[in-house]
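Here is what each chain is made of, one letter per residue.
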Amino acid sequence: MEFQDVVRRRKMIRNYAETPVDPAIVERAIRNATRAPSAGFSQGWAFLVLDTPDDVRRWWATTTDPDQLARPDDWLAGMMRAPVVIVPCSSKRAYLQRYAERDKGWTDEDEARWPMPFWHMDAAMASLLILQTAVDEGLGSCFFGIPPDRDAGVRAEFGIPDTFDPVGVITLGHRVPDPGNAGSPARRGRKPLDDVLHRGGWGGNG
Ligand SMILES: Cc1cc2nc3c(=O)[nH]c(=O)nc-3n(C[C@H](O)[C@H](O)[C@H](O)COP(=O)(O)O)c2cc1C
């Protein structure tokens, strides 16, 4: 698929068929994720892949109230059918340690040196490559957040070490038409380029 088509067609999909996803596609998605840029080539990311019905069930059981699980709304019902769940994680420690190496030299590992939490940024960039790979494969995917009160449970259930933080979660699967669940873009428009593009500075156009 042409790159521009991948960009244009990508949107979050919240309704899936139960049809399994070819494991080779999942592997390609993760391999592509590891082509993302990373500060200092730290690559402080990791990807938890849940691609068996049992593991996917464990995901939803860990992140959802039993009441909701028993009577899922449209969002949850559509998402729970996705046969693959991917949890991108970032490692702050990997960045602090990488930048303490000789070619970087921030040996104090002081977090104040970091203009931005690059560990999360890089995991987000890697996540986008997973979403784009899904489009290229004719599949659907959706990145969404893990409720803060579920973080500890997720770590415990899936053995995520303290040195990694889940930055969100991605469902992946064969998409099913879902006019009723298009998310926020159904309620608000894309900002015009003039609203977001500031050539040479902000002056004049707000
Ligand atoms: C960091 C992040 C968190 C998001 N969290 C959710 C979420 O919790 N639930 C959901 O349905 N969609 C979530 N989304 C999807 C956004 O709603 C979606 O990307 C946005 O409305 C634009 O639509 P599009 O991606 O289909 O173009 C999230 C997206 C991002 C990037």
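Going by the structure above, here's the rest.
(A) Looking closely at the overall build of the chain. Per the secondary structure count, the chain includes 9 helices and 5 strands. Listed by position from the N terminus, the elements making up the chain come as α-α-β-α-α-α-β-α-α-β-α-β-β-α. A separation of at least 24 residues holds for 83% of the contacts in the chain among residues at least 6 apart in sequence.

(B) The site of the ligand, seen in detail. Taken together, Lys11, Met12, Arg14, Cys142, Phe143, Phe144, Gly145, Gly168, Gly183, Ser184 and Pro185 make up the full set of residues near the ligand. Broken down by class, the residue content of the shell around the ligand amounts to 5 nonpolar, 4 polar and 2 charged.

(C) Broad picture of helix α7 (residues 118-136). Helix length check: α7 (19 residues) gives 27 Å between terminal C-alpha atoms against 27 Å at 1.5 Å per residue, within 8%. Positive phi shows up at glycine 138, right after α7, with a value of about 75°.

(D) Region of the structure containing the environment of aspartate 122. As for its position among the elements, aspartate 122 is in helix α7. The spacing of aspartate 122 and proline 37 is 85 residues in sequence and 6.6 Å in space, taken between C-alpha atoms. If we ignore the near neighbours within four places in the chain, the residues touching aspartate 122 are Ala36, Pro37, Ser38, Ala39, Gly44, Trp45 and Ser90.

(E) Region of interest: the pairing of strand β2 (residues 84-90). For β2, a buried count of 7 out of 7 residues is recorded, marking the element as mostly surrounded by other parts of the structure. Burial along β2 is two-sided: the residues Val84, Ile86, Pro88 and Ser90 and Val85, Val87 and Cys89 are all buried. Here 6 bridges tie strand β1 (residues 45-50) to β2, and the two strands are oriented antiparallel to one another. Along β2, the bridge assignment pairs phenylalanine 47 with proline 88. Relative to strand β5 (residues 169-173), β2 runs antiparallel, the two being bridged by 3 bridges. Each bridged residue has a counterpart across the sheet, and for valine 84 the counterpart in β5 is leucine 172. When β2 meets strand β4 (residues 165-166), the two strands line up antiparallel, connected through 2 bridges. In the strand pairing of β4, cysteine 89 is matched with proline 166.

(F) Layout of the packing of helix α3 (residues 53-63) against helix α8 (residues 151-158). Here α3 crosses α8 at 150°, and the two axes come no closer than 9 Å. Put simply, α3 runs roughly antiparallel to α8. Handedness of the α3/α8 crossing: right-handed. Contacts between α3 and α8 involve Arg58, Thr62 and Thr63 from the former and Gly153, Val154 and Glu157 from the latter.

Calculation criteria
Residues numbered from 1 in each chain as written. Predicted model: local features only at pLDDT ≥ 70, side-chain atom pairs only at ≥ 80, totals over all residues. Helix = DSSP H or I, 4+ residues; strand = E, 2+ residues; numbered from the N terminus. Contact = placed C-beta atoms within 7 Å. Near = placed C-beta within 6 Å. Nonpolar A, V, L, I, M, F, W, Y, C, P; charged D, E, K, R; others polar. Expected span 1.5 Å × (residues − 1). Buried ≥ 20, exposed ≤ 12 C-beta atoms within 10 Å, placed from the backbone. Pairing = 2+ DSSP bridges. Axes fitted to C-alpha atoms, helices over the stretch in contact; angles between N-to-C directions. Parallel < 35°, antiparallel > 145°, perpendicular 65-115°, else oblique. Left-handed = near helix turned anticlockwise from the far one by under 90°.

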